[in-house]
Amino acid sequence: MKFYNTLNRKIEEFIPHYENKVGFYTCGPTVYHYAHIGNMRNYIGHDILDKTLRYIGYDVTRVMNITDVGHLKSDSDSGEDKMVTSAKKEHKSVLDIAKFYTDAFFKDFDALNCRRPDIVSPATDNIDMYIEMISKLLEKGYAYKSGGNVYFDVSRLADYYQLTNHKEDEMVVGVRDGVEYDDSKRNQADFALWFTKSKFESQELKWDSPFGVGYPGWHIECSGISIKNLGEYLDIHGGGVDNIFPHHTNEIAQSEAYLGHKWCDYWFHNEHLMDETGKMSKSNGTFLSLSTLIEKGYNPLSFRFMCLNSHYRKQMVFTFDGLDSAQSAYLKLKNKVLSLKDEGELSEGDFDEYKNRFIDYITNDLNTANAITLIYDLLKDDTINGHTKIEIIRSFEKVLSLDLLIKNEESSFAREDHDAIMKLIETRNEAKKKKDYDLADSIRDELLKKGITLIDTREGTTYKEV
Ligand code: AMP
Ligand code: ZN
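Because the structure is a prediction, the values reported are computed rather than measured. (Residues numbered from 1 in each chain as written. Chains lettered and ligands numbered in written order. Predicted model: local features only at pLDDT ≥ 70, side-chain atom pairs only at ≥ 80, totals over all residues. Heavy atoms only, no water.)

## Digging into the overall build of the protein chain
Item 1. Broken down by element type, the protein chain carries 14 helices and 16 strands.
Item 2. Since a compact globule built from 466 residues should have a radius of gyration of about 23 Å, the 25 Å found for the protein chain is in line with a globular shape.
Item 3. The principal-axis extents of the C-alpha atoms in the protein chain amount to approximately 75 × 60 × 35 Å.
Item 4. Per-residue burial for the protein chain yields a buried fraction of 56% across its 466 residues.
Item 5. Considering only contacts in the protein chain between residues 6 or more positions apart, those separated by 24 or more positions represent 75%.
Item 6. If you sum the accessible surface of the protein chain, you get close to 20500 Å²; carbon and sulfur atoms cover 48% of it.
Item 7. Once the 59 positive and 77 negative side-chain charges of the protein chain are each reduced to a mean point, those two points are 3 Å apart. (Helix = DSSP H or I, 4+ residues; strand = E, 2+ residues; numbered from the N terminus. Rg over C-alpha atoms; globule rule 2.2 N^0.38 Å. Buried < 20%, exposed > 50% of the residue type's maximum accessible area, 1.4 Å probe, protein only. Contact = heavy atoms within 4.5 Å. Areas by Shrake-Rupley, 256 points an atom, 1.4 Å probe, with all protein chains shown as cover. Lys, Arg positive; Asp, Glu negative; His and termini not counted. Charge placed at Lys NZ, Arg CZ, Asp CG, Glu CD.)

Below is the structure:
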């Protein structure tokens, strides 16, 4: 297995710390708003890595946090807590907001066929661990109290910028986003581990601690949750590329200072999903969520298919034209797979040959686009019987998870899909009543393009899916 390791800036052979066991940590969502499809692209990338490792026989334990406290408006430590701002806006408590958006997040996660991590832990469940770590960092002299808060002193490390390879002078205030002036800090690159003197009286969640009543900084959460659940040596830590600095840089600093040795060998980062205005982001207000795509009649797995056709380390620009083509290609492929006749004996030679080719692609820095092309090659291969083809695709599906062998009625997507189709059927019925046959026909044609045939009966309209 090879993939790009941000820490060493190259594609490397993966060797876990403890033989066959893999500890894998993914930064989870900040649950102050709906996740957008950029966030979901990131989790699809992580899902492929997770499933590839399992596919080739590793015993993976995957952990993900849910950020429900401490992620301030800026990724460094200024601005109000994102959760607090959202709770105020929606007139709800922070924990209600967290629950609502966590549930919404997992609904999208499931609809995209992402395997849920073995352990999902909200940041607010692990306060004792952060207090333990911060106390030790203070004791060892890596942290200091100032202006009511506890900060990490980056000047104590020889190689604070090991992950980014940044030069110290590129990181001064004003040169880069995420580095802001704070007169409580010894060095401007220092970051907060614990806030007591919040600039915002309204901070709702606070805990007692030896450093005063307060709340943890965002970075310590991921280090704490990872070490608590996966131990002192972590194999893979992942996130989006925007997490490299300052979040992951700070995680390395505090974890290695706390543990007294190297912590994580492989850093895995997904490139962003962009729209016409730049990086899709929750904070700039306008973004697309998976439910918007579903409301517009798209199958969530068309979006997964679209993501898998591009490489996780390339920026991907989202357009509806692109999604239309992805959906049409996806449904055509699914149609072909579903029309395979389950006939003949399993040919183990063919099965192994295709499986090996598949493994070559996905273990080569997760080349999912080539893995999909292999399915087209397989479908065209006249020397292989239908049963063997189906079994080969069933095997690939353990990683790709595109429901290629599942008729839609049985898939996890069925309910949302059904609702969206029924809405369109209603609009078509209204149009027919008003004798607007152009609109009625265009709805029927649009659905047909998506693999849905409408059937008008005396009892009403139903539909048939691919
Ligand atoms: P957040 O909920 O903002 O903490 O983000 C959750 C994850 O999504 C993080 O790991 C981010 O790096 C990632 N992310 C944020 N925006 C994008 C984007 N436009 N494309 C891909 N990943 C993103
Ligand atoms: Zn994190």
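Next, the rest of the story.
## A short note on the site of ligand 1
Item 1. Lining the immediate environment of ligand 1, one finds 17 residues, of which T30, D242, N243, M280 and K282 sit closest.
Item 2. Take G38: an N or O atom from its main chain is 3.2 Å from a nitrogen atom of ligand 1.
Item 3. For ligand 1, an oxygen atom lies 3.3 Å from a polar atom in the side chain of N42.
Item 4. Out of a free accessible area of 500 Å², ligand 1 has 94% covered by protein chains.
Item 5. Broken down by element, the residue count for the shell around ligand 1 peaks at four residues, all from helix α1 (residues 37–55). (Near = heavy atom within 4 Å. Polar contact = N/O pair within 3.5 Å; in protein donor to acceptor, adjacent residues only side chain to side chain.)

## Re the sheet that holds strand β9 (residues 215–216)
Item 1. Strand order in this open sheet of four strands is β6-β7-β8-β9, and the pairing throughout is antiparallel. If you trace the sheet from one side to the other, it starts and ends with β6 (143–146) and β9, each paired once.
Item 2. Where strand β8 (residues 191–195) and β9 come together, two bridges link them in antiparallel fashion. Paired with F195 across the strands is Y215, a residue of β9.
Item 3. Helix α6 (residues 244–259) contacts β7 (149–152) and β8 of the sheet and is inclined by roughly 70° relative to β8. (Pairing = 2+ DSSP bridges. Axes fitted to C-alpha atoms, helices over the stretch in contact; angles between N-to-C directions.)

## Here's the deal with the coordination of the zinc ion (ligand 2)
Item 1. Protein-derived coordination of the zinc ion (ligand 2) comes from C27 (SG), C222 (SG) and H247 (NE2), at a distance range of 2.0 to 2.2 Å.
Item 2. For the zinc ion (ligand 2), the donor residues sit on a single chain with the sequence spacing C-x194-C-x24-H. Here C27, found in the loop between β3 (21–26) and α1, pairs with C222, found in helix α5 (residues 218–230); they are 195 residues apart in sequence, far enough to count as distant.
Item 3. Taking the relative accessible area as the measure of exposure, C222 reaches 0% and is therefore buried. (Donors = N, O, S within 2.8 Å, 3.2 Å for Na, K, Ca; no water.)

## Quick look at the packing of aromatic side chains
Item 1. This model, assessed by the stated rule, comprises 27 aromatic pairs.
Item 2. Ring geometry for F14 versus Y266: centroids 5.0 Å apart, planes at 70°, classification edge-to-face. Placement of F14 in the loop between β2 (10–13) and β3 and of Y266 in strand β11 (residues 264–270) is noted, with a sequence separation of 252 residues between them. Here the two residues F14 and Y266 agree in accessibility, since each one is buried.
Item 3. Aromatic side chains W194 and F211 sit 5.8 Å apart centroid to centroid with 70° between the ring planes, which places their arrangement in the edge-to-face category. One end of the pair, W194, is in strand β8; the other, F211, is in the loop between β8 and β9, with 17 residues separating them in the sequence.
Item 4. Residue W194 is classed as buried on the basis of its relative accessible area, which comes to 0%.
Item 5. Overall, the relative accessible area of 10% leaves F211 in the buried class.
Item 6. Of the aromatic side chains, those joined through ring pairs into one cluster are F3, F14, Y58, Y266, F268 and Y312.
Item 7. Here the basic side chain of R156 rests over the ring of Y142, its NZ or CZ set 4.5 Å away from the ring centre.
Item 8. Across the ring face of Y55, the terminal group of K355 is positioned such that the distance to the ring centre comes to 5.1 Å. (Phe/Tyr/Trp six-rings, centres within 6.5 Å; stacked < 30°, edge-to-face > 60°. Lys NZ or Arg CZ within 6 Å of the ring centre and 35° of its normal.)

## Focus on the side chain of K51
Item 1. Along the chain, K51 falls in helix α1.
Item 2. Not counting residues up to four positions away in its chain, the partners in contact with K51 are N113, C114, R115, R304, K398, V399 and S401.

## Side note on the pattern of salt bridges
Item 1. All told, the structure shown has 22 salt bridges when counted by the stated rule.
Item 2. In this structure, the salt-bridge partner of D242 is K279, at a minimum N-O distance of 3.6 Å. Separated by 37 residues along the polypeptide, D242 in the loop between β10 (234–240) and α6 and K279 in strand β13 (residues 278–279) bring together distant segments of the chain.
Item 3. A relative accessible area of 28% places D242 in the partly exposed class.
Item 4. Classification of K279 by relative accessible area gives partly exposed; the value is 34%.
Item 5. In the salt-bridge network here, residues are joined through shared partners; they are D50, R54, R62, R115 and D118. (Salt bridge = Lys/Arg side-chain N within 4 Å of Asp/Glu carboxyl O.)

## Considering the confidence of the model for the protein chain
Reading fine detail from the predicted coordinates is not recommended where pLDDT is low.
Item 1. Across the protein chain, the average pLDDT comes to 90, with 93% of residues at or above 70.
Item 2. With pLDDT under 50 throughout, residues 172–176 is counted as low confidence; its partners more than four residues away or in other chains account for 11 contacts. (pLDDT = per-residue confidence, 0-100.)

## Things to note about the environment of I37
Item 1. Tracing the chain through its elements places I37 in helix α1.
Item 2. The class of I37 is buried, set by a relative accessible area of 0%.
Item 3. Distance in space between the C-alpha atoms of I37 and T383 is 40 Å, their sequence separation being 346 residues.
Item 4. Apart from residues lying up to four places away in sequence, I37 is in contact with L273, M280, L288, S289, L290, L293, F303 and F318.

## Some words on the nonpolar core
Item 1. One finds I236 and F303 to be the most contacted residues of the largest nonpolar core, which totals 81 residues.
Item 2. Both domains that meet at this core, namely domain 1 (2–274) and domain 2 (296–310 + 317–400), each give it at least three residues.
Item 3. In this structure I236 touches F3, F14, V22, G23, F24, Y25, L49, L53, C264, Y266 and F268, once residues within four positions along its chain are discounted.
Item 4. By size, the runner-up hydrophobic cluster in this structure holds 48 residues, among which are L163, A189, C222 and I252. (Core = buried A, V, L, I, M, F, W, Y, C linked by side-chain atoms within 4.5 Å. Domains from an automatic or database assignment.)

## Observations regarding unusual backbone geometry
Item 1. With omega at 0°, the peptide bond leading from F245 into P246 counts as cis.
Item 2. Looking at where P246 falls in the secondary structure, it is placed in helix α6.
Item 3. Backbone geometry places N113, a non-glycine residue, at a positive phi of 60°.
Item 4. Assignment of secondary structure puts N113 in the loop between α3 (94–111) and β5 (119–122).

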